[in-house]
Amino acid sequence: MAQHINYSEQLDEDLVTLVQQGNKSAFDFLVLKYQQRIIQLVNSYIKDPVEAQDVAQEAFIKAYRALGGFRGDAAFYTWLYRIAINTAKNYNLARARRSGSSEVDVQEAEAIENAPQLQGLDSPERLLLTQEIMDTIKTALADLPEEMRVAIELREFDGMSYEEIALAMDCPVGTVRSRIFRARAAIDTLINPLL
Amino acid sequence: MNEELNLKLSQYIDNELEPKERVVFEALLNKNSELQARLERYQLMRQAIKLSPVTEPVNDFLNAIKQQLEHEPIYFLPKRKRVFDNFKPMAIAVSLLLVAVLTGYSVKTIQLQLQEVAGTQVAQNAVNNNVATVSAKAIEYPINKQISDYLQAHNEELVGNVNPPYQPYARVSSYGQK
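Residues numbered from 1 in each chain as written. Chains lettered and ligands numbered in written order. Predicted model: local features only at pLDDT ≥ 70, side-chain atom pairs only at ≥ 80, totals over all residues. Heavy atoms only, no water.

In this section: unusual backbone geometry. You will see that D170 of chain A, though not glycine, has its phi angle at about 55°, which is positive. Note on placement: D170 of chain A falls in the loop between α8 (162–169) and α9 (173–191). For N15 of chain B, which is not glycine, the phi dihedral falls at a positive 60°. With respect to the helices, strands and loops of the structure, N15 of chain B is situated in the loop between α1 (3–13) and α2 (19–31). (Helix = DSSP H or I, 4+ residues; strand = E, 2+ residues; numbered from the N terminus.)

Have a look at this one:
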């Protein structure tokens, strides 16, 4: 069951201030609050769950080290997500260098064509959330290029705005808009025949 | 279906359309059954993604981080004085006022000093004028001439040191009369 994070930014800000004033244990609360989502986010880039946990831990440690420079210009979770995304990307990059394999070309992946013409209006009765549809959506989501998958997950799972996603993913808002739209279109091509 | 329309639909479901755009799009949506069907699928997609299983952290996830952070330095950044952040414009205004007051005070002090100097010069001039006036009046009034002669004779005796250093006023006066 998905657990949505309650973005109490004030609480985050207070915890960050405590850490910055020398209270190390305040950081534990930040870890506890965001560990699940950070692992989930890193898992979007790194398929192996054990590796994903390690990289998520590394992301938190990097966040602690960088916390001295955090001035609260953006929300803490946006800042933390960005660190997690960069850590996961760097991990993949380092692994690719070691193995000699190449990463998925994001630009190429984003050039996925839109879904074909849709059929007529479906009745609401047909939109029941069957297990088959659920599985199809999960598979489609897992098969998406990582940048698209992360963008739509941040939107649907975390309820982030396009602007927040752009900050977390370090890209323009227009790119976020395009990634989310294309991710939906790609999943739609798979679920449309089932409905 | 038009790709631009699909993009608008994606923005619409995410509440990322401008209010005017939203009104226009809703009007279009009400007429377009194909668009409505797609909107329902997008909503279904959203529901499915939200229901995706969450990856649980391993038991020692936090402990592993804590162990690594044990060797990290503790932050000792100064406390943020947020209360005073709102008073920045006021503080600047007060500073400017203080500077203005001090500058005004300094100018006034200089002016006073200048006035004092001018006053001294005026007094000096007045004294000189008085001396000149007295000399003129000494000629005009015999008694004054007598005093003047006395003083002159007294000075000459002091310098010459021939006679006793002073003579009685009556005697000097009698010289003058003679």
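Still to come is the rest of the account.
A few words now on the pattern of salt bridges. A complete count under the given rule lists 18 salt bridges over all chains for this structure. The partner of K62 of chain A in a salt bridge is E58 of chain A, with the nearest N and O atoms 3.6 Å apart. Of this pair, K62 of chain A and E58 of chain A both sit in helix α3 (residues 49–66), four residues apart, which is roughly one turn of the helix. Of the residues examined, E58 of chain A reaches a relative accessible area of 34% and is grouped as partly exposed. The residue R179 of chain A makes a salt bridge to E147 of chain A at a minimum N-O spacing of 3.8 Å. Taken together, the positions of R179 of chain A in helix α9 and E147 of chain A in helix α7 (residues 146–156) put the pair 32 residues apart, joining distant regions of the chain. For the pair R179 of chain A and E147 of chain A, one class covers both residues: buried. Each of the salt bridges in this network shares a partner with another, and the network as a whole consists of R155, E156 and R184 of chain A together with D14 and R46 of chain B. (Salt bridge = Lys/Arg side-chain N within 4 Å of Asp/Glu carboxyl O. Buried < 20%, exposed > 50% of the residue type's maximum accessible area, 1.4 Å probe, protein only.)

We now examine the interface of chain B and chain A. Listed by partner, the interface residues are 50 residues for chain B and 67 residues for chain A. The junction of chain B with chain A conceals about 5,600 Å² of combined surface from both sides, 59% of it contributed by carbon and sulfur atoms. Where chain B meets chain A, there are seven salt bridges. Between D28 of chain A and K66 of chain B there is a salt bridge, with its nearest N and O atoms 3.3 Å apart. Linking chain B with chain A are 15 residue pairs in polar contact (both at pLDDT 80 or more). If you list the elements that add at least two residues to the side of chain B that touches chain A, you get α1, α3 (33–50) and α4 (61–69) of chain B. Considering every element that reaches the side of chain B that touches chain A, the biggest residue donor is α3 of chain B, with 15 residues. (Contact = heavy atoms within 4.5 Å. Buried area = accessible area lost by both parts, 1.4 Å probe. Polar contact = N/O pair within 3.5 Å; in protein donor to acceptor, adjacent residues only side chain to side chain.)

A word on the environment of Y91 of chain A. All names here are of chain A. Mapped onto the elements of the fold, Y91 is located in helix α4 (residues 76–99). Measuring from C-alpha to C-alpha, the distance between Y91 and A52 comes to 9.8 Å, with 39 residues separating the pair along the chain. Y91 has contacts with I46, E51 and V55, leaving out every residue within four places of it along the chain. A distance of 2.9 Å separates the side chain of Y91 from the side chain of E51, its partner in a polar contact.

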